[in-house]
Amino acid sequence: MAEELGDRRWKTLLDRHHEIVRRQLKRFGGRELDNAGDGFFASFPEPASAVECACAASDGVQELGIEIRSGVHFGECQRVGKKLAGITVAVGARLTALGGSGDILVSSTVAELVRGAGFGLTDRGLHVLKGVEGEWRVCAVTSVEGRPRPGPVGAAEARARRDALEAGS
């Protein structure tokens with residue numbers, strides 16, 4: 001996509017993407033811990049806020065003609081300086097890697113913790129997560145408060161939205 005847009009429009013797209021994600025992090029009480037290029041790593045005080053933020057950020061960036069994916073897991077973490085590490089972090093990263101365009105994938109731990117919080121979840125089965133022992137049940141967030149999550153924008157519409165981006169705006 002960077003090649004399609006060229007350096008200046010790609011930077012504009014990334015800046016807008018970051019702005020949308022950071023707005024949702026603030027809205028849902030998340031704390032940005034790291035970002036690399038177009039990826040964010042954040043922590044939240046409770047799992048429902050993390051899921052809501054992931055959904056809102058995914059929905060928000062569609063206006064830019066892009067799709068993101070997120071993985072949400074909840075548990076104890078190890079502090080390494082100002083960063084978090086450990087199995088919980090690895091599980092979240094591996095869930096993200098399993099996802100496709102627009103997917104918000106959660107561990108069964110999160111699915112249990114957010115029961116009754118208004119999320120529709122679909123079982124995506126058991127998965128072996130690289131570097132993590134055992135099999136993990138994975139669920140996809142399909143609705144929020146009874147509203148179905150939007151599917152990915154069609155390729156032509158996504159390109160039109162990206163084409164509308166002006167460098168520096």
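Residues numbered from 1 in each chain as written. Predicted model: local features only at pLDDT ≥ 70, side-chain atom pairs only at ≥ 80, totals over all residues. Heavy atoms only, no water.

Side note on the overall build of the protein
Working step 1: Along its length, the protein carries 5 helices and 9 strands.
Working step 2: At 16 Å, the protein has a C-alpha radius of gyration in line with the 15 Å of a compact globule built from 169 residues.
Working step 3: Projected onto its principal axes, the C-alpha positions of the protein cover 45 × 40 × 30 Å.
Working step 4: Taken across its 169 residues, the protein has 40% of its residues classed as buried.
Working step 5: Summarising the internal contacts of the protein: among those between residues at least 6 apart in sequence, 58% fall at separations of at least 24.
Working step 6: When the accessible surface of the protein is summed, it comes to about 9400 Å², and 50% of that surface belongs to carbon and sulfur atoms.
Working step 7: Here the protein holds 23 positive side-chain charges and 23 negative ones, and the gap between their average locations is 3 Å. (Helix = DSSP H or I, 4+ residues; strand = E, 2+ residues; numbered from the N terminus. Rg over C-alpha atoms; globule rule 2.2 N^0.38 Å. Buried < 20%, exposed > 50% of the residue type's maximum accessible area, 1.4 Å probe, protein only. Contact = heavy atoms within 4.5 Å. Areas by Shrake-Rupley, 256 points an atom, 1.4 Å probe, with all protein chains shown as cover. Lys, Arg positive; Asp, Glu negative; His and termini not counted. Charge placed at Lys NZ, Arg CZ, Asp CG, Glu CD.)

Here's the deal with the layout of surface pockets
Working step 1: In this model, the largest pocket occupies a volume close to 1200 Å³.
Working step 2: Lining the largest pocket are 40 residues, and of these Phe-40, Phe-41, Ala-42, Gly-71 and Thr-96 lie nearest its centre.
Working step 3: For the lining of the largest pocket, the elements supplying multiple residues, two or more each, are helix 1 (2–27), strand 2 (39–43), helix 2 (47–61), strand 3 (70–72) and helix 3 (87–98).
Working step 4: Here the lining of the largest pocket takes 6 residues from helix 1, the largest share from any one element.
Working step 5: Residues belonging to the lining of the largest pocket are distributed by class as follows: 23 nonpolar, 13 polar and 4 charged.
Working step 6: Estimates place the volume of the second largest pocket at around 210 Å³.
Working step 7: Looking at the second largest pocket, the residues that line it are Arg-27, Phe-28, Glu-52, Cys-55, Ala-56, Asp-59, Val-144, Glu-145, Arg-147, Pro-148, Arg-149 and Pro-150. (1 Å grid on protein atoms, 1.4 Å probe; cavity = no way out; pocket = protein on both sides within 12 Å on 5 of 7 lines; lining within 4 Å. Points joined across faces, edges and corners; volume = space filled by probe spheres on them. Nonpolar A, V, L, I, M, F, W, Y, C, P; charged D, E, K, R; others polar.)

Some remarks on the pairing of strand 6 (residues 104–107)
Working step 1: Side-chain alternation along strand 6 places Ile-104 and Val-106 on one buried face and Leu-105 and Ser-107 on a second face that is also buried.
Working step 2: Looking at chain direction, strand 3 and strand 6 are connected through 3 bridges and run parallel. Its bridge partner lying in strand 6, Val-72 is registered against Val-106.
Working step 3: The sheet contact formed by strand 6 and strand 8 (residues 135–144) spans 3 bridges and is antiparallel. In the strand pairing of strand 8, Val-106 is matched with Cys-139. (Pairing = 2+ DSSP bridges.)

Notes on the pattern of salt bridges
Working step 1: Applying the stated criterion across every chain, the model contains 13 salt bridges.
Working step 2: Between Lys-83 and Asp-34 there is a salt bridge whose closest N-O contact spans 3.5 Å. Here Lys-83 is found in strand 5 (residues 83–85), whereas its partner Asp-34 is found in strand 1 (residues 31–36), with 49 residues between them in sequence.
Working step 3: For Asp-34, a relative accessible area of 35% gives the class partly exposed.
Working step 4: Here Asp-59 ties to Arg-149 by a salt bridge, and the two come within 3.2 Å at their closest N and O atoms. Here Asp-59, found in helix 2, pairs with Arg-149, found in the loop between strand 9 (147–148) and helix 5 (155–163); they are 90 residues apart in sequence, far enough to count as distant. (Salt bridge = Lys/Arg side-chain N within 4 Å of Asp/Glu carboxyl O.)

Focus on the side chain of His-17
Working step 1: Looking at the element boundaries, His-17 is found in helix 1.
Working step 2: Since its relative accessible area comes to 4%, His-17 is described here as buried.
Working step 3: Once you skip the residues sitting within four places of it in the chain, His-17 turns out to touch Asp-38, Phe-40, Val-61, Leu-64, Ile-66 and Ile-68.

Focus on the pairing of strand 2
Residues in a regular strand project their side chains so that they alternate between the two faces of the sheet.
Working step 1: Pairing analysis gives 5 bridges linking strand 1 to strand 2, with the strands arranged antiparallel. Following the sheet pairing, Arg-31 is matched in strand 2 by Ser-43.
Working step 2: Here strand 1 folds back onto strand 2 in antiparallel fashion, the turn holding 2 residues, of which Gly-37 has a positive phi close to 65°.

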